Amino acid sequence: MYDTPVVGVLALQGDVQEHLIALAEADALARPVRRPEELAEVDGLIIPGGESTTISKLAVLFGVMEPLRARVRAGLPVYGTCAGMIMLADKILDPRSGQETVGGIDMIVRRNAFGRQNESFEAAIDVKGVAGDPVEGVFIRAPWVESVGAEAEVLAEHAGHIVAVRQGNALATSFHPELTGDHRVHSLFVDMVRAHMARAVGADRTAESL
């Protein structure tokens, strides 16, 4: 049953459609999520790129910020790209006034660290856990990770800066794999969702046998 997980994309702002397509190509059932009741129906969630301050404010406005924090604390698999990475950081080095995060990864992130929109670029990135050739990373006003805590695992670096991190069921990248047609990072995340679902089923069966 958990072979085809339902994975949502937080559809408040940003490149939502590209993630929905990539998730479908990675054999997940992809759904946009805007409301708490929609969040409750997914097995995993992607927080897309966009503008992190806007996403933060809209998440509060739509009533999904606190339910999302609660589900991430409870182990919901979540993947953030670019602005989504900022949303998953426990701390932002240079937050805007009123900006909030979901948290979930013990890391400090610097917003727009790689430069402005006109300084966007692509680079080949070796990502731990992604087999084959390097991933083509698209960096658009991208953040980087200044530092990580003991529980966070660095999966990739570029130009001496951390650009991909995982902590438990939370994954984050500075770059946009959804824009390249290469869905291996999404497949990695979908596999994380499947593994979490399998563990939950195993725990339920163990509880029933007691």
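In this text the structure is predicted, and so the values were computed from the model without any measurement.

1. Topic: unusual backbone geometry
- A positive phi angle, close to 55 degrees, is found at Cys82, a residue other than glycine.
- Mapped onto the fold, Cys82 is located in the loop between strand S4 (78-81) and helix H5 (83-88).
- When its relative accessible area of 4% is taken as the criterion, Cys82 is described as buried.
- The residue Ala159 is not glycine, and still its phi comes out positive at about 55 degrees.
- In this structure, Ala159 sits in the loop between strand S10 (153-158) and strand S11 (161-167).
- When its relative accessible area of 59% is taken as the criterion, Ala159 is described as exposed.

2. Concerning the packing of aromatic side chains
- Per the counting criterion, the structure on display carries six aromatic pairs.
- Measuring from centroid to centroid gives 5.6 Å for Phe114 and Phe121, while their planes differ by 70 degrees, and the two rings are edge-to-face.
- Here Phe139 and Phe175 contribute two aromatic rings whose centre-to-centre distance is 5.7 Å and whose plane-to-plane angle is 55 degrees, an arrangement assigned as tilted. In this pair, Phe139 sits in strand S8 (residues 135-139) while Phe175 sits in the loop between strand S12 (170-173) and helix H6 (184-209), placing the two residues 36 residues apart along the sequence.

3. Quick notes on the UniProt feature "active site" (unreviewed entry) in the chain
- The UniProt record annotates "active site" (unreviewed entry) at Cys82, His176 and Glu178. A maximum C-alpha distance of 11.1 Å places the annotated residues, which cover 97 residues in sequence, within one compact spot.
- Checked against the element boundaries, His176 lands in the loop between S12 and H6.
- In contact with His176, not counting residues within four places along its chain, are Asp15, Gly49, Thr81, Cys82, Val138 and Ile140.
- A polar contact is formed between the side chain of His176 and the side chain of Asp15, at a distance of 3.2 Å.
- Considering the arrangement of structural elements, one finds Glu178 in the loop between S12 and H6.
- Among all residues touching Glu178, those that are not within four sequence positions of it are Asp15, Glu18, His19, Thr81 and His186.
- Reaching out from Glu178, the side chain makes a polar contact with the side chain of His19 at a distance of 3.4 Å.

4. A closer look at the pairing of strand S3 (residues 44-47)
- Taking every second residue as pointing to the same face, both faces of S3 are buried, with Gly44 and Ile46 on one and Leu45 and Ile47 on the other.
- Bridge count for strand S1 (residues 6-10) against S3 is three bridges, and the pairing is parallel. Opposite Gly8, over in S3, you have Leu45 as the bridge partner.
- By the bridge criterion, three bridges tie S3 to S4 in an arrangement that is parallel. Paired with Ile47 across the two strands is Gly80, which belongs to S4.

5. A word on the pattern of salt bridges
- Overall, the coordinates contain nine salt bridges when judged by the stated rule.
- Put simply, Arg111 and Glu51 hold a salt bridge, and the shortest N to O gap is 3.9 Å. Taken as a pair, Arg111 in the loop between strand S6 (105-110) and strand S7 (121-125) and Glu51 in the loop between S3 and helix H3 (52-61) lie far apart in primary sequence, 60 residues in all. Like Glu51, Arg111 is buried.
- Between Arg69 and Glu66 there is a salt bridge, with its nearest N and O atoms 2.5 Å apart. Remark: Glu66 and Arg69 occur in helix H4 (residues 65-73); sequence separation between them is three residues, near one turn of the helix.
- One network of salt bridges, with partners in common, ties together Glu51, Arg96 and Arg111.

Analysis parameters
Residues numbered from 1 in each chain as written. Predicted model: local features only at pLDDT ≥ 70, side-chain atom pairs only at ≥ 80, totals over all residues. Heavy atoms only, no water. Helix = DSSP H or I, 4+ residues; strand = E, 2+ residues; numbered from the N terminus. Buried < 20%, exposed > 50% of the residue type's maximum accessible area, 1.4 Å probe, protein only. Phe/Tyr/Trp six-rings, centres within 6.5 Å; stacked < 30°, edge-to-face > 60°. UniProt positions renumbered as here; feature names shortened; annotations may be inferred. Contact = heavy atoms within 4.5 Å. Polar contact = N/O pair within 3.5 Å; in protein donor to acceptor, adjacent residues only side chain to side chain. Pairing = 2+ DSSP bridges. Salt bridge = Lys/Arg side-chain N within 4 Å of Asp/Glu carboxyl O.

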